[in-house]
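Structure at a glance
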Amino acid sequence: MVRLVAYAAVVGLLAAALAAFTWFDNEINRGVTYSPPDTPIPWAEVPQIGVNAYNLQFEPDAAHVTRTLELARAMGAHFVRIQMPWDDVEIHGKGDFVDRRNPEQVRSAWEKYDFIVAEAQRLGLELIVRIDRAPQWARPNDDADPRFRAGLLENANSTGPPENYADYADFVATVATRYRGKVRFIQIWNEPNLAYEWSWRSPEPERFVELLRAAATAARAANPNAVILFPSLAPTDGKEPRIAPMSELDYLDRVYRAGGAPYFDIMSAQAYGLGQPPNENRYIRLRWRPDAPFRDLDRPIDARIDVSRIVLLREVMERHGDSGKAVWISEFGYNSAPDSIPEPARSTWGPPVSEEMKGAYLVGQLERARREWPWVGVMNIWFLRWGGYREPDPADPTPYFALVDRNFQPLPAYEAVRAYAADGMIAGAGAHSWRHPAVKTIEEGRWRVRFTGQSIALRLHAPAEVSIDGGAMRQIAPSGGNRPVRIASGLSDTVHTLEIRSAIAPEHFMVEREQPLPWVWTLTPALITLALAYVGVRTMVEIGRWVSRR
């Protein structure tokens, strides 16, 4: 009996060791790219920095629109994400684009959006246009539903999809047609996994796929160059039965199962830090709390909702064979609400940070994505400035995401992002096309590439001369079978510069990093598992002997 107890104790210790190792492996390695596939991911090869222009469409003064966009460009943003609420354009009825809400100022509802698009073009900025918010005429029954009316009292921004999805598809096609050659990137809806974005109904991924299919098909027909973005889902653990009874991971899984993959070109995601540092890398956590020991027994272990959450979203894409698409961060940011904002509102988005820490965290998150996630493209900071004609509620912490105050004065976080952008694009681990912004043309037949990693390889079409970090030029030749040619390895895991001369530009380049102690992550769990199997067998044998003796 003593031996049996000893074996059982060893099994328990080994099981605990395996669980601890798995947890630690999650924290160190999960989601980190070391040796990428050798095919670049479309739309990940873009300038990294974007910014949300919150309420830009509601600016009463056109000069404020121009100043906002100029500040975005001066900060180093290439992309500006704006909202184009459907109910702000096709206001009074289908096909009616005249704004008569103010009888003294009847005007085209397109006027302000035409100006935004024109100014963005003039300044060399690319717009990401989010189209949501069905007008009342498109959802009369849902709008009158007591459930929605009650929700509207709870959240004044409540909205929902149209009752006839073709109405939305027609409007999206109208936008794609009107701004053809000026706007490429169209996001279909926003946060459809939240009840107050979906007429206060429970999430309906399958119905959303119908809306997505109709809108994407219409947009592509109107403009073959349109690029369709999936709506960014609100990260949630699915524990809010009224507002968010389904996690965004489950929602996305059902979108794929319903056949939604062909109807978007880029995945969108939110990546708020919620007060956590940008290097936070724990993907699972215990939900148990001493002050509520029985509350979470139905789900004692769950994923964290923080910076790393997008890795879990990416894993859903990979499980459904959709890893060839890029992920664009629609919104990420940190809140710096002061002590004057009362709790619990002050901590709605996690512990507030200082303005200086906000800047450091934003830059840290940009650097982490560049270093670890080659599938991430644009990262749109939430947000540049509290725009529009309405002054914010003094008790609302939302304005403290801003990089610029209401008077257009840049805050420390703005300056931190501007300094990061001024340093130029740097390629991290991944396969990158020669169109990557980290590739700079010095003169015809001569290029410079900045990268961070420990090895770099080139897929060449002609002989070339290369130099790493200012070293002597050396000759290299294309390999047989068009395989990448390794240029350097064993480098320090810091920023390096590759210079190349060739008659023909390389096809693409690959940057890799070395996993720390790779043998530990394969050998250790194998040894623990073998030990568990051995001790388990001995335990069963001992149980048999004990039973026979009785």
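The present account deals with the structure reproduced in this document.

Rules used in this analysis
Residues numbered from 1 in each chain as written. Predicted model: local features only at pLDDT ≥ 70, side-chain atom pairs only at ≥ 80, totals over all residues. Heavy atoms only, no water. Helix = DSSP H or I, 4+ residues; strand = E, 2+ residues; numbered from the N terminus. Rg over C-alpha atoms; globule rule 2.2 N^0.38 Å. Buried < 20%, exposed > 50% of the residue type's maximum accessible area, 1.4 Å probe, protein only. Contact = heavy atoms within 4.5 Å. Areas by Shrake-Rupley, 256 points an atom, 1.4 Å probe, with all protein chains shown as cover. Lys, Arg positive; Asp, Glu negative; His and termini not counted. Charge placed at Lys NZ, Arg CZ, Asp CG, Glu CD. Salt bridge = Lys/Arg side-chain N within 4 Å of Asp/Glu carboxyl O. Phe/Tyr/Trp six-rings, centres within 6.5 Å; stacked < 30°, edge-to-face > 60°. Lys NZ or Arg CZ within 6 Å of the ring centre and 35° of its normal. Pairing = 2+ DSSP bridges. Axes fitted to C-alpha atoms, helices over the stretch in contact; angles between N-to-C directions. Polar contact = N/O pair within 3.5 Å; in protein donor to acceptor, adjacent residues only side chain to side chain. Expected span 1.5 Å × (residues − 1). Patch = residues over 30% accessible without salt bridge, like charges linked within 9 Å, V, L, I, M, F, W, Y side chains within 5 Å.

**Some remarks on the overall build of the protein chain**
The number of helices and strands found in the protein chain is 12 helices and 21 strands. In terms of overall size, the protein chain behaves like a compact globule, its C-alpha atoms giving a radius of gyration of 27 Å where 550 residues would be expected to give roughly 24 Å. Expressed as a percentage of the 550 residues in the protein chain, the buried residues total 52%. Put simply, of all contacts in the protein chain between residues at least 6 apart along the chain, 77% involve residues at least 24 apart. Carbon together with sulfur atoms contributes 55% to the accessible area of the protein chain, which is approximately 24,400 Å² in total. Of the side chains in the protein chain, 63 bear a positive and 68 a negative charge, and the two mean positions are spaced by 5 Å.

**So, the pattern of salt bridges**
Within this structure, the stated rule accounts for 42 salt bridges. Between Asp167 and Lys94 there is a salt bridge, with its nearest N and O atoms 3.1 Å apart. In this pair, Asp167 sits in helix H6 (residues 165-178) while Lys94 sits in the loop between strand E2 (79-85) and strand E3 (98-99), placing the two residues 73 residues apart along the sequence. According to the relative accessible area criterion, Asp167 is buried, its value standing at 11%. Of the charged contacts, one joins Arg201 and Glu204 as a salt bridge, the two residues approaching to 3.2 Å between their closest N and O atoms. On the accessibility criterion, Arg201 (12% relative accessible area) is buried. Through salt bridges with shared partners, a single network forms among Asp88, Asp99, Arg101 and Lys112.

**Digging into the packing of aromatic side chains**
Across all of its chains, the model carries 26 aromatic pairs by this definition. Arranged with centres 6.3 Å apart and planes meeting at 70°, the rings of Trp198 and Phe208 form a pair that is edge-to-face. Of this pair, Trp198 sits in the loop between strand E6 (185-188) and helix H7 (205-222) while Phe208 is found in helix H7, placing the two residues 10 residues apart along the sequence. With respect to burial, Trp198 and Phe208 carry one shared label: buried. The rings of Trp86, Phe97, Trp110, Trp137, Tyr168, Phe171, Tyr179 and Trp189 are connected pair by pair, giving a single aromatic cluster. Positioned above the aromatic ring of Phe148, the side-chain terminus of Arg139 is 4.3 Å from the ring centre. A cation over an aromatic ring shows up here: Arg385 above the ring of Phe408, its NZ or CZ 3.9 Å from the ring centre.

**Focus: the sheet that holds strand E7 (residues 227-229)**
Taken together, 8 strands build an open sheet; the order of strands is E7-E6-E5-E2-E1-E12-E11-E8 and the sheet is parallel. If you trace the sheet from one side to the other, it starts and ends with E7 and strand E8 (267-270), each paired once. Taken over all neighbouring pairs, the strand axes of this sheet differ in orientation by 30° on average, direction set aside. Bridge analysis of strand E1 (residues 49-52) against E2 gives 3 bridges, and the strand direction is parallel. Each residue of the ladder has a partner; that of Val51, found in E2, is Val80. H6 contacts E2, strand E5 (126-132) and E6 of the sheet and is inclined by roughly 165° relative to E6.

**Section: the side chain of Glu90**
Residue placement: Glu90 occurs in the loop between E2 and E3. Lys94 is the oppositely charged side chain nearest to the buried, salt-bridge-free Glu90, at an N-O distance of 5.1 Å. Of note is the side chain of Glu90, whose polar atom sits 2.6 Å from the backbone nitrogen of Gly95. Those residues in contact with Glu90 that sit more than four places away from it in its chain are Gly95, Asp96, Phe97, Pro135, Trp137 and Phe171.

**Thoughts on the pairing of strand E21 (residues 508-512)**
Among the 5 residues of E21, 5 are classified as buried, and the element is accordingly described as predominantly covered. A two-sided burial pattern is seen for E21, the buried positions comprising His508, Met510 and Glu512 on one face and Phe509 and Val511 on the other. Bridging between strand E13 (residues 430-433) and E21 involves 4 bridges; their strand directions are antiparallel. Directly across from Ala431, in E21, lies its bridge partner Met510.

**Structural notes on helix H2 (residues 62-75)**
Between its first and last C-alpha, H2 extends 20 Å over 14 residues, near the 20 Å set by a 1.5 Å rise per residue. Within H2, the full set of buried residues consists of Val65, Thr66, Thr68, Leu69, Leu71, Ala72 and Met75. As for H2, its buried residues are in contact with E1, E2, helix H3 (111-122), strand E12 (376-381) and helix H11 (412-422). At the N-terminal boundary of H2, the capping side chain belongs to Asp61, with an oxygen 2.9 Å from the backbone nitrogen of Ala63. Where H2 terminates, the next one or two residues include Gly76, which has phi positive at roughly 110°.

**A look at a nonpolar patch on the surface**
Taken together, the side chains of Leu517, Trp519, Leu523, Leu527 and Leu530 make up a nonpolar region of the molecular surface, amounting to roughly 550 Å² of accessible area. Inspection of the secondary structure assignment puts Trp519 in helix H12 (residues 518-549). Residue classification places Trp519 among the exposed residues on the basis of a relative accessible area of 51%.

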